[in-house]
Amino acid sequence: MAMLKWDETGKRLYENGTSHGVLYPMEADGVYGVGVAWNGLTSVKQSPDGAEESPIYANNNKYISMTSAENFKGTIEAYTYPDEFMECDGSKELSKGIYAGQQSRKSFGLTYATNIGNDTEGDDFGEKIHIIYQAKVTPSSRDYETINDDPNAITFSWEFSTVPESVSADLESKGIKPTAYICVDTTKVSEAGVTALKEALYGGSGEPKLPSIDEILELVGSEAYSEA
């Protein structure tokens, strides 16, 4: 039996960066609209909660342990945002350039990429493509300050929560539950699959669209599921 080895060349991995943000506003019929580039996106912080233990006792001992449902949520930070995000943030255009706040908030989908680096190729080793479904943001504070001798651009921040996206009967039979979050590791799927997924998300021969979970599996190939 081979012995374990640590810190082998090419296997010293790390992650960093946030790029290629795309917003997919949800239309009234529950279908995601055409994706738009999110310029100025600085971070997406994932902070899921739930999945907490609820122990049950019997005969003076722990009898069984139940776990609550997990809620995928987090925080989006950016220096700016696309116009299409305004309705997601509770604003409605009354006339060109005139907006009313305190309106109903649209749900949306979001994708962004982070780098996978290693000791031989640096940040160019690969990417993780993160896909979030059925997100909705809550009202957030904005701090406007006078310009001084230490100027800073305003950083916008929104907390979001999600509703899990349903999965096919085939995935359910494999024990996969509805989820609001999918991550594709480009170092573990085929180059053709990565190209197909990026063309779907970012546009190319067609408009940028948010594929369903099953469509992602079809685009990147079955090996993405077998190695998950």
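Up top you'll find the structure we're talking about.
Report on the accompanying structure. A quick note: this is a predicted structure, and the numbers were derived from the prediction, not measured. (Residues numbered from 1 in each chain as written. Predicted model: local features only at pLDDT ≥ 70, side-chain atom pairs only at ≥ 80, totals over all residues. Heavy atoms only, no water.)

Comments concerning the packing of aromatic side chains
At step 1: Summed over the entire model, instances satisfying the criterion amount to eleven aromatic pairs.
At step 2: For the ring pair phenylalanine 72 and phenylalanine 160, a centre distance of 6.2 Å and an interplane angle of 50° mean the geometry is tilted. Highlighted residues: phenylalanine 72 in the loop between β7 (70–71) and β8 (73–78) and phenylalanine 160 in strand β13 (residues 156–162), separated in sequence by 88 residues. With respect to burial, phenylalanine 72 and phenylalanine 160 carry one shared label: buried.
At step 3: Aromatic pair phenylalanine 72 and tyrosine 181: ring centres 4.8 Å apart, planes at 10°, arrangement stacked. Here the residue phenylalanine 72 occupies a position in the loop between β7 and β8, and tyrosine 181 occupies one in strand β14 (residues 181–185), the gap between them amounting to 109 residues.
At step 4: A network of ring pairs unites the aromatic residues Trp38, Tyr81, Phe85, Phe108, Phe156 and Trp158 as a single cluster. (Phe/Tyr/Trp six-rings, centres within 6.5 Å; stacked < 30°, edge-to-face > 60°. Helix = DSSP H or I, 4+ residues; strand = E, 2+ residues; numbered from the N terminus. Buried < 20%, exposed > 50% of the residue type's maximum accessible area, 1.4 Å probe, protein only.)

Regarding the environment of proline 164
At step 1: Of note, proline 164 is situated in the loop between β13 and α1 (169–173).
At step 2: Along the chain, proline 164 and glutamine 134 lie 30 residues apart, while their C-alpha atoms are 7.1 Å from each other.
At step 3: Once residues lying within four places of it in the same chain are set aside, the contact partners of proline 164 are Gln134, Pro178, Thr179 and Ala180. (Contact = heavy atoms within 4.5 Å.)

Regarding the pairing of β13
At step 1: Of the two faces of β13, only one is covered, namely that formed by Phe156, Trp158, Phe160 and Thr162; the face formed by Ser157, Glu159 and Ser161 stays uncovered.
At step 2: Pairing geometry for β8 and β13, over six bridges, is antiparallel. Paired with alanine 78 across the bridge in β13 is phenylalanine 156. (Pairing = 2+ DSSP bridges.)

Describing the packing of helix α2 (residues 191–202) against helix α3 (residues 213–220)
To describe two helices that pack against each other, one gives the angle between their axes and the distance between the axes.
At step 1: Orientation of α2 relative to α3, taken along the N-to-C sense of each, is 140°, at an axis distance of 7 Å. Taken as axis vectors, α2 and α3 run oblique relative to one another. Mapping the contact onto sequence places Gly193, Ala196, Leu197 and Ala200 in α2 and Ile216, Leu219 and Val220 in α3.
At step 2: Class assignment of the residues belonging to the contact of α2 with α3 gives a composition of six nonpolar, one polar and no charged. (Axes fitted to C-alpha atoms, helices over the stretch in contact; angles between N-to-C directions. Parallel < 35°, antiparallel > 145°, perpendicular 65-115°, else oblique. Nonpolar A, V, L, I, M, F, W, Y, C, P; charged D, E, K, R; others polar.)

Some details on the side chain of glutamate 165
At step 1: Inspection of the secondary structure puts glutamate 165 in the loop between β13 and α1.
At step 2: Lysine 136 provides the closest opposite charge to the buried, unpaired glutamate 165, separated from it by 13 Å.
At step 3: A distance of 3.5 Å separates the side chain of glutamate 165 from the side chain of tyrosine 32, its partner in a polar contact. (Lys, Arg positive; Asp, Glu negative; His and termini not counted. Salt bridge = Lys/Arg side-chain N within 4 Å of Asp/Glu carboxyl O. Polar contact = N/O pair within 3.5 Å; in protein donor to acceptor, adjacent residues only side chain to side chain.)

Considerations on unusual backbone geometry
At step 1: Unlike most non-glycine residues, aspartate 7 shows phi in positive territory, near 55°.
At step 2: Relative to the helices and strands, aspartate 7 resides in the segment before β1 (14–25).

Quick word on the pattern of salt bridges
At step 1: One pass over the full model with this rule turns up twelve salt bridges.
At step 2: Of the charged contacts, one joins lysine 198 and glutamate 127 as a salt bridge, the two residues approaching to 2.7 Å between their closest N and O atoms. Remark: glutamate 127 occurs in strand β12 (residues 122–137) and lysine 198 occurs in helix α2; sequence separation between them is 71 residues.
At step 3: Judged by relative accessible area, glutamate 127 falls into the buried class, the value being 15%.

A few points about α2
At step 1: Spanning twelve residues, α2 covers 16 Å between terminal C-alpha atoms, matching the ideal 16 Å at 1.5 Å per step.
At step 2: Burial in α2 covers these residues: Gly193, Val194, Leu197 and Leu201. Summarising the axial view, the buried residues of α2 lie within an arc of 100°, below the 170-degree limit, and thus occupy one face. The exposed set on the far side of α2, more than 90 degrees from its buried face, consists of Glu191 and Ala192.
At step 3: For α2, the secondary structure elements touched by its buried residues are β1, β11 (108–118), β12, β14 and α3.
At step 4: Glycine 203, located one to two residues past α2, shows a positive phi value of around 95°. (Expected span 1.5 Å × (residues − 1). Arc of directions from axis to C-beta.)

Side note on the side chain of histidine 130
At step 1: Looking at the secondary structure, you find histidine 130 in strand β12.
At step 2: The class of histidine 130 is buried, set by a relative accessible area of 6%.
At step 3: Those residues in contact with histidine 130, other than ones at most four positions away along the chain, are Gln46, Leu110, Thr111, Tyr112, Ala113, Thr114, Tyr181, Ile182 and Cys183.

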